[in-house]
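Structural features, examined
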Amino acid sequence: MESVLLPTLTKKEEIDRIINNTIDKVLVLRFGRISDENCLLLDDILEKSARDVSKFATVALVDVDSDQVQVYVNYFDITLFPSTVFFFNAHHMKLDSGTADHTKWVGKFHEKQDFIDVVEVIFRGAMKGKLIVHCPLPPERIPKYQLLYKDV
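These numbers come from a predicted model, not from an experiment. (Residues numbered from 1 in each chain as written. Predicted model: local features only at pLDDT ≥ 70, side-chain atom pairs only at ≥ 80, totals over all residues. Heavy atoms only, no water.)

1. Thoughts on the overall build of the protein
A tally of helices and strands in the protein yields 4 helices and 7 strands. From first element to last, N terminus to C terminus, the protein shows the α and β order β-α-β-α-β-α-β-β-β-α-β. For a compact globule of 152 residues, the expected C-alpha radius of gyration is about 15 Å, and the protein comes in at 14 Å, within 12% of that figure. Taking the principal axes of the C-alpha coordinates as reference, the protein spans close to 35 × 35 × 25 Å. By residue count, 43% of the 152 residues in the protein fall in the buried class. Only carbon and sulfur atoms are counted for the fraction: they give 52% of the accessible area of the protein, which is about 8,400 Å². (Helix = DSSP H or I, 4+ residues; strand = E, 2+ residues; numbered from the N terminus. Rg over C-alpha atoms; globule rule 2.2 N^0.38 Å. Buried < 20%, exposed > 50% of the residue type's maximum accessible area, 1.4 Å probe, protein only. Areas by Shrake-Rupley, 256 points an atom, 1.4 Å probe, with all protein chains shown as cover.)

2. Quick notes on the environment of Thr 58
Tracing the chain through its elements places Thr 58 in strand β3 (residues 57-63). In sequence terms Thr 58 and Val 69 are 11 residues apart; their C-alpha atoms lie 19 Å from each other. Every residue in contact with Thr 58, bar those within four places of it in the chain, is listed here: Ile 18, Thr 22, Lys 25, Val 26, Leu 27 and Val 28. (Contact = heavy atoms within 4.5 Å.)

3. Section: empty space enclosed by the protein
To find leftover empty space, one rolls a probe the size of a water molecule over the atoms. A full pass over the atoms with the stated rule returns 1 cavity of 30 Å³ or more. For the largest cavity, the calculated volume is near 40 Å³. The residue makeup of the lining of the largest cavity, split by class, is 5 nonpolar, 2 polar and 1 charged. (1 Å grid on protein atoms, 1.4 Å probe; cavity = no way out; pocket = protein on both sides within 12 Å on 5 of 7 lines; lining within 4 Å. Points joined across faces, edges and corners; volume = space filled by probe spheres on them. Nonpolar A, V, L, I, M, F, W, Y, C, P; charged D, E, K, R; others polar.)

4. A short note on the environment of Asp 117
With respect to the element layout, Asp 117 can be found in helix α4 (residues 112-127). A C-alpha to C-alpha distance of 8.7 Å links Asp 117 and Cys 135, two positions 18 residues apart in sequence. Residues within four places of Asp 117 in sequence aside, it is in contact with Pro 136 and Leu 137.

5. Quick look at the nonpolar core
If you look at the biggest cluster of nonpolar residues, it comprises 27 residues, and the most contacted ones within it are Phe 86, Phe 109 and Phe 115. At the level of secondary structure, the elements contributing two or more residues to this core comprise β2 (26-32), α2 (37-50), β3, β4 (83-88), β5 (91-96) and α4. A per-element tally of this core places α4 first, with 6 residues. Apart from residues lying up to four places away in sequence, Phe 86 is in contact with Val 26, Leu 27, Val 28, His 91, His 92, Met 93, Leu 95, Trp 105, Phe 109, Val 118, Val 119 and Ile 122. Within the second largest apolar cluster, 17 residues are counted, among which are Phe 31, Ala 60, Val 73 and Val 85. (Core = buried A, V, L, I, M, F, W, Y, C linked by side-chain atoms within 4.5 Å.)

6. Considerations on α2
Taking 1.5 Å per residue, 14 residues should reach 20 Å; α2 reaches 20 Å between its end C-alpha atoms and fits that length. The complete set of buried residues in α2 reads Cys 39, Leu 42, Asp 43, Ile 45, Leu 46 and Ser 49. In a view along the axis of α2, the buried residues occupy a sector of 165 degrees, so they form one face of it. Among the exposed residues of α2, those pointing more than 90 degrees away from its buried face are Glu 37 and Lys 48. Residues of α2 that are buried sit in contact with β2, β3, β4 and α4. Two to three positions downstream of the cap, the backbone nitrogen of Asn 38 sits 2.9 Å from a side-chain oxygen, assigning the N-cap of α2 to Asp 36. (Expected span 1.5 Å × (residues − 1). Arc of directions from axis to C-beta. Polar contact = N/O pair within 3.5 Å; in protein donor to acceptor, adjacent residues only side chain to side chain.)

7. Some points on the side chain of Ser 83
Its location among the elements puts Ser 83 in strand β4. Here the side chain of Ser 83 touches Leu 80 through a polar contact of 2.6 Å, landing on its backbone oxygen. In this view, Ser 83 contacts Leu 29, Arg 30, Phe 31, Ile 78, Lys 104, Trp 105 and Val 106; residues no more than four positions away in its chain are not counted.

That's the geometry; what it means functionally is another story.
Encoded structure:
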């Protein structure tokens, strides 16, 4: 089931356009599959939160099964789904959540307020010129995962 409220991007040009045209707001890109249960759970949280964060964030979904977005899937090393990447004024925002990878949020958020808190911290940090911010969530609410390195 595709999201009714959130745009789904399937082309590199669409992703380029939304990254470059989202000004003074956090851009939240969820990379995943519409057939994945965890992606659907995250999409539900994103849809419920979209209105609450609309003054300082824009949320869009990226279909990783589209051949035309593989350049971004490879660039951000998206191997676990869902993965969420954040931008502000076309700059990639990083989130220190205590995991080995600060470039993206891997997994789903436990609840709507967790997502809102993370986006708000990214927005406030970005407005101060920061490119990396500390995650406001307690460690037990941060998804744990194993990083798998190819060809190592």
